[in-house]
Amino acid sequence: MLSIYSEKHDQEFIKKKNQLLILDMVRKHRPVSRAEIAKLIRMSPTSVGRIVSDLIEIGLVKETNQFSSGVGRKATMLDIDVQQILSVGVEVDRSVIQVGLVDLDGRVVAEQHHVIERTAGQPGIVAEKIASMIIGLADTQGIAASKFIGVGIGTPGIMDTITGNVVFSAQMGWTNEPFAKMVETKINLPVVLDNDLKVKALGESSIDAMSNKEITALISIGSGVGSALVMDGKIYRGANNIAGEIGHSTIDPNGKLCECGKRGCLQTYITDLAMLQEANQIKPVSSVNELFALMRAGEAWAHNIIDRACTYIAVTINNVVCTYNPDTIILTGDFIENHPEVFETVRSKSKAFIWEPFIGTFELIRSKHGEKSVMVGAAKLVLQQRLDRGLQHK
């Protein structure tokens, strides 16, 4: 039974991957014929024709009135209007809601931010605000509801992607909240919910279907430490959708006590709180920005704290490389994005830690989309869900 299930699962995975591949070919080469797509991706014309029919039925691709030129039988051209099909990408954090309308090219065509008041962080109130922001953006931009294929939401914590429930989010203070359904009841669109870092990794991973980069690892450092992995365009979740909790990997079993109860977790060395706790043993420091200012002013102890954090990030990169052998590693988070010099320091330090067989096998980069990454990734997740549902309904 297991082998039969695995074979069926693999076939479905390959079909979904090929759908995204062909959709990307139409997006980039439009208008384009089925035969041209078959040549571009080296797939049989029969397979291309079958997948194109699926995409037309789902409503993501259309036939045009144009025909191919040249010798031989004329072929009907395929096209796609990237702004005729939009997804809504949403980021929910403890202090802000960001809503973006995202087209099939991954461009945020309109966005709105809303600061969450401390007393207004209840899930029902947040769901109501998300719905009103989506409706407001659509009205302001003059976009018909028929253009939207769904809403994707990224928020910190452990998510049940099947039920759309927030299982636990320490940042939001939510436990077992049916958050996706709360939003769905307020706006007539399907809603998919996932962890913000997993969604961010999806947003940052290559949208180029012909790219050779098939494994992208994201490492985020700021108020917490987390990671996420995208393989062949899909989020790697692990058995319980909690893969990537790298902040609780053990660096030193005799190290500092972590809030999780263990000693020596990675996050006790490189989070904002960890650095500030150490700094305040020397003098009162209220923020990481202030710590950087002291370093630039020549305070050696401040330099040592930041330099040690960069060393542990470099060690983390080596651990991720040895574990997953990714094509790309993306460094992100407030510590990286707010202080450009950190990235170059980490890049330089990582050369001393990367095991020799892995040298030159991956690209270390910064975030492409910055603060829009979660919105873009959440919208991309909606597109994948649309393709999944299209297959299920066939």
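Details of the structure are given in the entry above.
Residues numbered from 1 in each chain as written. Predicted model: local features only at pLDDT ≥ 70, side-chain atom pairs only at ≥ 80, totals over all residues. Heavy atoms only, no water.

## A short note on the nonpolar core
In a soluble, globular protein the nonpolar side chains are often hidden away together inside. Counting residues in each nonpolar core, the largest one holds 41 residues, and the members touching the most others are Ile 270, Leu 291, Ile 313, Ile 317, Ile 329, Leu 331 and Phe 335. For this core, the element with the highest residue contribution is helix α10 (residues 300-324), accounting for 11 residues. When sequence neighbours within four positions are dropped, the list of residues in contact with Leu 331 reads Ile 219, Ile 221, Ile 313, Ile 317, Ile 336, Phe 343, Val 346, Leu 364, Ile 365, Arg 366 and Ser 367. Judged by nonpolar contacts, the second largest core, of 40 residues, contains Leu 21, Met 25, Ile 58 and Val 382. (Core = buried A, V, L, I, M, F, W, Y, C linked by side-chain atoms within 4.5 Å. Buried < 20%, exposed > 50% of the residue type's maximum accessible area, 1.4 Å probe, protein only. Helix = DSSP H or I, 4+ residues; strand = E, 2+ residues; numbered from the N terminus. Contact = heavy atoms within 4.5 Å.)

## Re the sheet that holds strand β3 (residues 76-79)
Hydrogen bonds between backbone atoms are what pair the strands of a sheet, whose relative direction is either parallel or antiparallel. In spatial order, the strands read β1-β3-β2; together these three strands make up an open sheet with antiparallel pairing. The sheet terminates laterally at β1 (32-33) and β2 (62-67), the two strands that pair on one side only. Pairing of β1 with β3 involves two bridges; the strand directions are antiparallel. Residue pairing in the sheet places Val 32 in a bridge with Leu 78 of β3. (Pairing = 2+ DSSP bridges.)

## Brief notes about the packing of aromatic side chains
Two descriptors summarise a pair of aromatic rings, namely the distance from one centre to the other and the angle between the planes of the rings. Within the structure shown, the criterion is met by four aromatic pairs. Pairing Trp 174 with Phe 179 gives two aromatic rings, centres 4.9 Å apart and planes at 40°, and the pair type is tilted. When sorted by exposure, Trp 174 lands in the same class as Phe 179, which is buried. Look at Phe 292 and Phe 335: their rings are 5.8 Å apart centre to centre, the planes differ by 55°, and that puts the pair in the tilted class. With Phe 292 in helix α9 (residues 288-296) and Phe 335 in helix α11 (residues 334-337), this residue pair connects regions lying 43 residues apart in the sequence. (Phe/Tyr/Trp six-rings, centres within 6.5 Å; stacked < 30°, edge-to-face > 60°.)

## Thoughts on the packing of helix α8 (residues 272-279) against α10
Interhelical geometry of α8 versus α10 gives an angle of 150° and a closest axis separation of 10 Å. Between α8 and α10, the angle is such that the two are roughly antiparallel. In this structure, α8 meets α10 at a crossing whose hand is right-handed. Where α8 abuts α10, its residues Met 275, Glu 278 and Ala 279 lie against Trp 301, Ile 305, Arg 308 and Ala 309. Across the contact of α8 with α10, the residue classes tally to five nonpolar, no polar and two charged. (Axes fitted to C-alpha atoms, helices over the stretch in contact; angles between N-to-C directions. Parallel < 35°, antiparallel > 145°, perpendicular 65-115°, else oblique. Left-handed = near helix turned anticlockwise from the far one by under 90°. Nonpolar A, V, L, I, M, F, W, Y, C, P; charged D, E, K, R; others polar.)

## Some words on unusual backbone geometry
With an omega of -10°, the peptide bond running from Arg 30 to Pro 31 counts as cis. Here Pro 31 shows up in the loop between α1 (2-29) and β1. Backbone geometry at Arg 42 places phi at a positive 55°, although glycine is not the residue there. With respect to the helices and strands, the residue Arg 42 is situated in the loop between α2 (34-41) and α3 (45-58). Residue class for Arg 42 comes out exposed when judged on its relative accessible area of 80%. Positioned with a positive phi, Asn 325 is a non-glycine residue whose angle comes to about 50°. Here Asn 325 shows up in the loop between α10 and β15 (328-332). On the accessibility criterion, Asn 325 (42% relative accessible area) is partly exposed.

## Describing the sheet that holds β15
Sheet architecture is open: five strands sit in the order β14-β13-β12-β15-β16, paired in mixed fashion. Of all the strands in the sheet, the pair left with one neighbour each is β14 (234-236) and β16 (363-366). On average, adjacent strands in this sheet sit at an angle of 25° to one another, irrespective of strand direction. Across seven bridges, strand β12 (residues 215-221) lies against strand β13 (residues 225-231) in antiparallel orientation. From the neighbouring strand, Leu 218 faces β13, where its bridge partner is Ala 228. Packed on one face of the sheet, helix α6 (residues 196-204) meets β12, β13, β14 and β15 and runs near 50° to β13.

## Examining helix α12 (residues 340-350)
Within the span of α12, buried status applies to Val 342, Phe 343, Val 346, Lys 349 and Ser 350. The buried residues of α12 occupy one face: seen down the axis, they fall within an arc of 135°. Packing partners of the buried residues in α12 comprise α9, α10, β15, α11 and β16. (Arc of directions from axis to C-beta.)

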